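Topology and contacts: notes
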Amino acid sequence: MQKTNFSRITYQLNNLFFGFLSDTWRSKSISLISVLIGYFLFANFLTKFISEGKNELIMVPIIIIFIEIIIRIKPSSSSKFYYLWTLVDKLRIGAVYAIILEAFKLGS
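Residues numbered from 1 in each chain as written. Predicted model: local features only at pLDDT ≥ 70, side-chain atom pairs only at ≥ 80, totals over all residues. Heavy atoms only, no water.

1. A closer look at the overall build of the protein chain
Quick note on the threshold: Runs of E in the DSSP output that reach at least two residues are strands. Runs of H or I that reach at least four are helices, and both are numbered from the N terminus. We take the radius of gyration over the C-alpha atoms and set the globule estimate at 2.2 Å times the residue count to the 0.38 power. For the exposure calls, accessible area comes from a 1.4 Å probe over protein chains only, and a residue counts as buried if that area is under 20% of its type's maximum, exposed if over 50%, partly exposed in between. Contacts were defined at the residue level, with two residues in contact if any of their heavy atoms lie within 4.5 Å. Values of accessible area rely on a 1.4 Å probe in the Shrake-Rupley scheme; residue burial ignores everything except the protein chains shown.
Broken down by element type, the protein chain carries four helices and zero strands. Sequence-ordered secondary structure for the protein chain, helices as α and strands as β, is α-α-α-α. Taken over the C-alpha trace, the protein chain has a radius of gyration of 18 Å; the compact-globule value for 108 residues is 13 Å, which it surpasses by more than 25%. For the protein chain, the spread of C-alpha atoms along the principal axes amounts to about 60 × 30 × 25 Å. The buried share among the 108 residues of the protein chain stands at 19%. If you take every contact in the protein chain between residues at least 6 apart in sequence, the share linking residues at least 24 apart comes to 59%. Total accessible area on the protein chain stands at roughly 8900 Å², and carbon and sulfur atoms take up 70% of it.

Below, the structure written as structure tokens:
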């Protein structure tokens, strides 16, 4: 097949939306386990601080800063820390999902 602009665009869109299907089982399972561990840890973390009712004004900015630092320190894909960063990023995604789900549970 010729490399036309349309074929490049379709390849990039396919890789963007369905790129996770081409990964290995090891990569898929580690990513899924990281998301679930992030959700589990952060859901328990939130439940503990909501039930105590203390230090919310201190913990919320710390959590936001920690999440922003994770997003901003993305290394290049050729770096040896890239795989570790992807695991931490998947933990972050699980944590953000826990926050959103907890907000829906509280009705806010």
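2. What about helix α4 (residues 82-106)?
Note the cut-off: Here, expected helix span is obtained from the residue count minus one, scaled by 1.5 Å.
Spanning 25 residues, α4 covers 36 Å between terminal C-alpha atoms, matching the ideal 36 Å at 1.5 Å per step. If you check which residues of α4 are buried, you get W85, D89, R92, G94, A95, A98 and E102. Downstream of α4 by one or two residues, G107 has phi in the positive range, about 80°.

3. What to know about a nonpolar patch on the surface
The test is simple: Each patch is built from residues lacking any salt bridge and having more than 30% relative accessible area; the joining distance is 9 Å for like charges and 5 Å for nonpolar side chains (Val, Leu, Ile, Met, Phe, Trp, Tyr). Salt bridge criterion: a side-chain nitrogen from Lys or Arg within 4 Å of a carboxyl oxygen from Asp or Glu.
Judged by side-chain polarity, I9, L13, L16, F17, F18, F20 and L21 come together as a nonpolar surface patch covering roughly 760 Å² of accessible area. Secondary-structure assignment places F18 in helix α1 (residues 5-18).

4. Thoughts on the side chain of S7
Quick note on the threshold: Polar contacts, as counted here, are pairs of nitrogen or oxygen atoms within 3.5 Å of one another; within protein the pair requires one atom able to donate a hydrogen and one able to accept it, and residues that are adjacent in sequence qualify only if both atoms are side-chain atoms.
Turning to its location among the elements, S7 is positioned in helix α1. Residue class for S7 comes out buried when judged on its relative accessible area of 12%. From its side chain, S7 meets the backbone oxygen of T4 in a polar contact 2.9 Å long.

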